[in-house]
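Inside the fold
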Amino acid sequence: MKMKGEMAALQLCLCILAVKVAFGKACTSEQFTKTGECCSMCAAGTGLATRCGQEDTKCQPCKNGVSFSDSENLSVCRLCARCPPGIPELARCTPTQDTQCDCGEGFFLWRNGNSTGGMCAACTMCGHGSGVVRECGPLGNTVCERCKPGTYSKEKSIRKPCVPCSRCSDDEVELRSCQPDSDTLCMVKDLNILSRTSGSDVPREFPRWPTLHEDTENRSSPAPGSGSPRPTLQDQGGNNNNNILAYVSVLAAVVLGLLFYVAYKCWKSCQQKQALVKARVGELNNAGEGEKLHSDSGVFLDSHSLQDSQPSKGSKRDSKQDTRLYVNLPSHRQEEVEGLLVEGGSRSWRQLAAVLGYEQDRVDVFGRGQDPVHTLLTDWAQQEGSTLGLLCSALARIERPDIITALTATSQGVSVV
């Protein structure tokens, strides 16, 4: 009897749910009370007080300046964020909106879970086939969405949304339909080799090459009973053949241009790699000569310092203008920077990795290694544009002026020991 009662109650709940769905009243929260009623959602500006169960959901308002909820959900109010030191506040926290901080162009306020402390991190770029729904800024990171049918996006961006696909004109034929990451591919359809005179009832025939006898006869002898020469294959299909040759020539030129472009890019990449290797070898040789000079005469020559015509004082403006590559720093200077990042506490290499644009999963992979700081800086130094100015800007955002001083401070050309 007990089993039958439970089965009857379950059937009743299913019937109620089916009736609500049929009349367009589907449950938004997808949760139900024990009596089969749809659980209510907490509106923006309110948070969960008591979960739905025996009774419906109970919500409570968020506290102004303390907590907020910016959307309809079934979670508690989130704590308001605090802007990092030195970052201006654009808008205070309200029950429906988090604190807005002026992190600058290309950065947003990143929070670790529900913690109140945040930091400025680089904006995420939407990849191929995805467009920007909300731009990165004071409201948060970039929000991307996969391009819907009829739209596409073929480049990475933090601002551009998906754009409508092109349509082939009446005199074109579609070779490939529009994809999320590429536009429609069209081609002119006037490439028909087989043609006949308009108004003629003669069926089409495949063209054939005339024999030597036929060609001679066509050129010299007129047809019986006709005052004009007999038409040849060249006269009938000359225009079409010219069109084919033109398209084949254009296609060959495009392919040849692509081959030259690929060859040029490979040659340019090899030149850059060789230049980096030569610079590194020359730097190591200069360091060896400086040590030898120090041991022989008590005078140490810092070749790297001699190259700095404008010494940096650690200011933000000077660090942005420093275009030297991090990979060209002496090994002892790199080891000093890595040691300072290890001892950074809450402003260590993990925060630097986030500002440099690394995803959290990649940072966790670095953290499982024996020397995560060295791994991070080595990986970043291999990227294009890894200059000291960019690194100093990132260090300024996590408030590490000590490391900026170690990077930009230059000693005199000759110092007596």
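Residues numbered from 1 in each chain as written. Predicted model: local features only at pLDDT ≥ 70, side-chain atom pairs only at ≥ 80, totals over all residues. Heavy atoms only, no water.

Put simply, the protein chain has an average pLDDT of 75, and 69% of its residues get 70 or more. Element-level pLDDT for the protein chain is lowest in strand β16 (residues 414-416), with a mean of 33, against a maximum mean of 95 in strand β11 (residues 151-152). The low-confidence segment residues 212-218 (pLDDT under 50) makes four contacts with residues lying over four places distant or belonging to another chain. Note on residues 410-417: pLDDT is under 50 here. Beyond four places in sequence and across chains, it has 20 contacts. (pLDDT = per-residue confidence, 0-100. Helix = DSSP H or I, 4+ residues; strand = E, 2+ residues; numbered from the N terminus. Contact = heavy atoms within 4.5 Å.)

Attention now moves to the layout of surface pockets. In this structure, the second largest pocket encloses a volume near 570 Å³. Lining the second largest pocket are 20 residues; nearest its centre among them are Leu276, Val327, Ala381, Gln382 and Gln383. Only α3 (233-297), α6 (331-342) and α9 (372-381) provide two or more residues apiece to the lining of the second largest pocket. No other element matches α3, which puts six residues into the lining of the second largest pocket. Class assignment of the residues belonging to the lining of the second largest pocket gives a composition of seven nonpolar, nine polar and four charged. (1 Å grid on protein atoms, 1.4 Å probe; cavity = no way out; pocket = protein on both sides within 12 Å on 5 of 7 lines; lining within 4 Å. Points joined across faces, edges and corners; volume = space filled by probe spheres on them. Nonpolar A, V, L, I, M, F, W, Y, C, P; charged D, E, K, R; others polar.)

A complete count under the given rule lists twelve disulfides for this structure. The residue that forms a disulfide with Cys147 is Cys162, at a sulfur-sulfur distance of 2.0 Å. One disulfide, between Cys147 and Cys162, carries an S-S torsion of -85° and so falls in the left-handed class. Placement of Cys147 in the loop between β10 (143-146) and β11 and of Cys162 in the loop between β11 and β12 (163-164) is noted, with a sequence separation of 15 residues between them. Note on Cys270: no disulfide assigned, nearest cysteine sulfur contributed by Cys266 at a separation of 6.7 Å. (Disulfide = S-S within 2.5 Å.)

This paragraph deals with the nonpolar core. Among the nonpolar cores identified, the biggest contains 36 residues, and Tyr326, Leu341, Leu352, Tyr358, Leu395 and Leu407 are the most heavily contacted of them. Mapped by element, the contributors of at least two residues to this core are β7 (107-111), β8 (118-122), α6, α7 (349-355), α8 (360-367), α9, α10 (388-397) and α11 (401-408). Core analysis: the second largest hydrophobic core is formed by five residues, Ala121, Cys123, Cys136 and Ile158 among them. (Core = buried A, V, L, I, M, F, W, Y, C linked by side-chain atoms within 4.5 Å. Buried < 20%, exposed > 50% of the residue type's maximum accessible area, 1.4 Å probe, protein only.)

Glancing now at the packing of α6 against α11. Viewed as axis vectors pointing N to C, α6 and α11 meet at an angle of 180°, and their least axial separation amounts to 10 Å. Between α6 and α11, the crossing angle belongs to the class labelled roughly antiparallel. In this structure, α6 contributes Arg333, Glu336, Val337, Leu340 and Leu341 to the contact, and α11 contributes Asp402, Ile403, Ala406 and Leu407. Residues belonging to the contact of α6 with α11 are distributed by class as follows: six nonpolar, no polar and three charged. (Axes fitted to C-alpha atoms, helices over the stretch in contact; angles between N-to-C directions. Parallel < 35°, antiparallel > 145°, perpendicular 65-115°, else oblique.)

Within α9, seven of the ten residues are buried, leaving the element largely enclosed by the surrounding structure. What α9 keeps buried is the set Pro372, Val373, Leu376, Leu377, Asp379, Trp380 and Ala381. For α9, the elements touching its buried residues are α6, α7, α8 and α10.

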